[in-house]
Amino acid sequence: VQLQASGGGLVQAGHSLRLSCAASKDTFSTYSIAWFRRAPGKEREVVAAVNWSGSSTYYADSVKGRFTISRDNAKMTAYLQMNSLKPEDTGVYYCAAGAPRGPLDYGLGSRYDYWGQGTLVTVSS
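These figures come from a predicted structure and were not determined experimentally.

## Overview of the sheet that holds strand S8 (residues 77-82)
Line of reasoning, step 1. Overall, antiparallel pairing links the four strands, which are arranged S1-S3-S8-S7 in an open sheet. This sheet does not close on itself; its edge strands, each paired only once, are strand S1 (3-6) and strand S7 (67-72). The mean inter-strand angle of the sheet, taken between neighbouring strand axes irrespective of direction, is 15 degrees.
Line of reasoning, step 2. Pairing between strand S3 (residues 17-23) and S8: six bridges, direction antiparallel.

Written out as structure tokens, the structure is:
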């Protein structure tokens, strides 16, 4: 499965962006999808994840209440709606597809077999 992330850009703090992750195969619907980000000078971290059906989601504490992950299996696309953006949300955002075993696995990069190329989000203060 090839993943194409898009939707990044430069926004002011408090504004919103929606990232998209488009897949190349309909096997997309069998995978959990996660968004990771790598901020300047920091290690990669998981931001949000959703299971194959969309019935279960996970959010990092830093984005709870501001970000929403969703998916549309018919369109083979996952989304990350980011509201009330903060400068600390700046980074390269990657989508990934894989089969984490449950909520405790969502943040493990090794559980994901396919990665998109990343899209840059810059939030100015």
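From this point, the narrative continues.
## Details of unusual backbone geometry
Line of reasoning, step 1. Of note in this structure, Met 76 is not a glycine but carries a positive phi near 55 degrees.
Line of reasoning, step 2. Along the chain, Met 76 falls in the loop between S7 and S8.
Line of reasoning, step 3. With phi around 50 degrees, Ser 84 is a residue other than glycine that occupies positive phi space.
Line of reasoning, step 4. Relative to the helices and strands, Ser 84 resides in the loop between S8 and strand S9 (91-98).
Line of reasoning, step 5. The exposure class assigned to Ser 84 is partly exposed, which follows from its relative accessible area of 40%.

## Describing the state of the cysteines
In a disulfide, the sulfur atoms of two cysteines are held together by a covalent bond.
Line of reasoning, step 1. Tallied over the entire structure, the rule returns one disulfide.
Line of reasoning, step 2. Residue pairing for Cys 21: its cysteine sulfur links by disulfide to Cys 95, the two sulfurs lying 2.2 Å apart. Torsion about the S-S bond of the Cys 21 and Cys 95 cystine: about 75 degrees, corresponding to right-handed handedness. Highlighted residues: Cys 21 in strand S3 and Cys 95 in strand S9, separated in sequence by 74 residues. For the residue pair Cys 21 and Cys 95, the accessibility class agrees, reading buried in each case.

## Section: the side chain of Thr 90
Line of reasoning, step 1. Mapped onto the elements of the fold, Thr 90 is located in the loop between S8 and S9.
Line of reasoning, step 2. For Thr 90, a relative accessible area of 17% puts it in the buried group.
Line of reasoning, step 3. Polar side-chain contacts of Thr 90 include one of 2.9 Å to the backbone nitrogen of Val 123.
Line of reasoning, step 4. Not counting chain neighbours up to four residues away, the residues in contact with Thr 90 comprise Ala 39, Pro 40, Val 121, Thr 122 and Val 123.

About the criteria used
- Residues numbered from 1 in each chain as written.
- Predicted model: local features only at pLDDT ≥ 70, side-chain atom pairs only at ≥ 80, totals over all residues.
- Heavy atoms only, no water.
- Pairing = 2+ DSSP bridges.
- Helix = DSSP H or I, 4+ residues; strand = E, 2+ residues; numbered from the N terminus.
- Axes fitted to C-alpha atoms, helices over the stretch in contact; angles between N-to-C directions.
- Buried < 20%, exposed > 50% of the residue type's maximum accessible area, 1.4 Å probe, protein only.
- Disulfide = S-S within 2.5 Å.
- Polar contact = N/O pair within 3.5 Å; in protein donor to acceptor, adjacent residues only side chain to side chain.
- Contact = heavy atoms within 4.5 Å.

The analysis is restricted to geometry; functional conclusions fall outside its scope.
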